[in-house]
Amino acid sequence: MTLPQASPPNTAVDALPGATVIGRIRRLLIVALVAGVLFPAFTRGSRGGCPGGVSSDGGFVDATGQAVDQAPRCVNLELGPNPLVFVGIALIVLLAIGRVMRVADETAAVRILDRAAILVVVLVLVAAVVSQVWFRLVSLETFDSDSWSLVSPFPFAIIDVEITRMTTR
């Protein structure tokens, strides 16, 4: 008499209970890692200029062409990523894993992890787009006077402002 042969497990789901959830956690971690690496690449930029210049006799002129005693100010703006976005990515991942540990249903756990991955991507995309648009909207001419203010796209990016005097070199 022959015994029926048991078929070996052919999928990871058969091999390990909860493998689907573990796979989704791995995917969430990969998405968060890739988003964390790509975010700084898309939130970099710089702009600068010197409103005014040097006249033909070697003196300084302002942006309207009028002679001035002091050298005009040169403004340099640099856009960079805000570390709070990385904190946001980490919080999304940690909160999602914490919620998964409290649910009893595998489908609910998978749904939580999928939504967390989508939220990470949306956070990084919104942060990059808002910071680039805001950076392009900042006018360099607003820094020509003695008093100025800059509203940055906090918490998405940081804009460093450097103001120097023009040199004749």
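Residues numbered from 1 in each chain as written. Predicted model: local features only at pLDDT ≥ 70, side-chain atom pairs only at ≥ 80, totals over all residues. Heavy atoms only, no water.

Digging into the pattern of salt bridges
Opposite charge on two side chains permits pairing when their charged atoms draw close.
Inference 1: Applying the stated criterion across every chain yields a total of two salt bridges.
Inference 2: In this structure, the salt-bridge partner of D114 is R24, at a minimum N-O distance of 2.5 Å. Here the residue D114 occupies a position in helix α4 (residues 106–137), and R24 occupies one in helix α2 (residues 19–42), the gap between them amounting to 90 residues.
Inference 3: Of the charged contacts in the structure, one is a salt bridge between D114 and R27, with a shortest N-O distance of 2.6 Å. Of this pair, D114 sits in helix α4 while R27 sits in helix α2; the two residues are 87 residues apart in sequence, bridging distant segments of the chain.
Inference 4: For R27, a relative accessible area of 39% corresponds to the partly exposed category.
Inference 5: When salt bridges with common partners are traced through the structure, they connect R24, R27 and D114 into a single cluster. (Salt bridge = Lys/Arg side-chain N within 4 Å of Asp/Glu carboxyl O. Helix = DSSP H or I, 4+ residues; strand = E, 2+ residues; numbered from the N terminus. Buried < 20%, exposed > 50% of the residue type's maximum accessible area, 1.4 Å probe, protein only.)

Observations concerning the UniProt feature "transmembrane region" (unreviewed entry) in the chain
Inference 1: UniProt's entry tags residues 25–42, 84–104 and 116–135 with the feature "transmembrane region" (unreviewed entry), counted in the numbering of this structure.
Inference 2: Along residues 25–42 the backbone is 100% helical and 0% strand, and the end-to-end C-alpha distance reaches 26 Å.
Inference 3: The straight-line gap between the two end C-alpha atoms of residues 84–104 is 32 Å; of that span, 90% is helix and 0% is strand. (UniProt positions renumbered as here; feature names shortened; annotations may be inferred.)

As for the sheet that holds strand β5 (residues 73–81)
Inference 1: Across the sheet, which stays open at both edges, the three strands sit in the order β1-β5-β6 with antiparallel pairing between neighbours. Edge positions in the sheet fall to β1 (45–49) and β6 (157–165), since each of these pairs with one other strand and no more. Along the sheet, successive strands turn relative to each other by an average axial angle of 10°, direction set aside.
Inference 2: Bridge count for β5 against β6 is nine bridges, and the pairing is antiparallel. By the bridge assignment, V75 is partnered in β6 with I163. (Pairing = 2+ DSSP bridges. Axes fitted to C-alpha atoms, helices over the stretch in contact; angles between N-to-C directions.)

Some remarks on the packing of aromatic side chains
Inference 1: Taken as a whole and assessed by the stated rule, the structure comprises one aromatic pair.
Inference 2: On the numbers, 5.7 Å between centres and 80° between planes, the contact of F39 with F86 is edge-to-face. With a gap of 47 residues between them, F39 in helix α2 and F86 in helix α3 (residues 83–102) connect regions that are remote in the sequence.
Inference 3: Given a relative accessible area of 0%, F39 falls into the buried group.
Inference 4: The positively charged end of R47 is found above the aromatic ring belonging to F135, 5.7 Å away from the centroid. (Phe/Tyr/Trp six-rings, centres within 6.5 Å; stacked < 30°, edge-to-face > 60°. Lys NZ or Arg CZ within 6 Å of the ring centre and 35° of its normal.)

Here we look at α3
Inference 1: Relative to the 28 Å expected for 20 residues at 1.5 Å per residue, α3 spans 29 Å between its end C-alpha atoms, a close match to the ideal helical length.
Inference 2: Within α3, burial applies to V85, G88, I89, I92, V93, A96 and V100. All buried residues of α3 lie within an arc of 130° about the axis, which places them on one face of the element. For α3, exposure combined with an orientation more than 90 degrees from the buried face picks out L94, L95, M101 and R102.
Inference 3: The elements touched by buried residues of α3 are α2 and α4. (Expected span 1.5 Å × (residues − 1). Arc of directions from axis to C-beta. Contact = heavy atoms within 4.5 Å.)

Topic: the sheet that holds strand β4 (residues 67–68)
Inference 1: On the basis of which strands lie adjacent, the open sheet formed by three strands has the order β2-β3-β4 and antiparallel pairing. Strands with a single pairing partner mark the edges of an open sheet, and in this sheet they are β2 (53–54) and β4.
Inference 2: The sheet contact formed by strand β3 (residues 60–61) and β4 spans two bridges and is antiparallel. Residue pairing in the sheet places F60 in a bridge with V68 of β4.

Regarding the side chain of S131
Inference 1: Within the fold, S131 resides in helix α4.
Inference 2: A relative accessible area of 0% places S131 in the buried class.
Inference 3: Within the local environment of S131, its side chain forms a polar contact with the backbone oxygen of A127, the two atoms lying 2.8 Å apart.
Inference 4: For S131, the side chain forms a polar contact with the main-chain oxygen of A128, separated by 3.1 Å. (Polar contact = N/O pair within 3.5 Å; in protein donor to acceptor, adjacent residues only side chain to side chain.)

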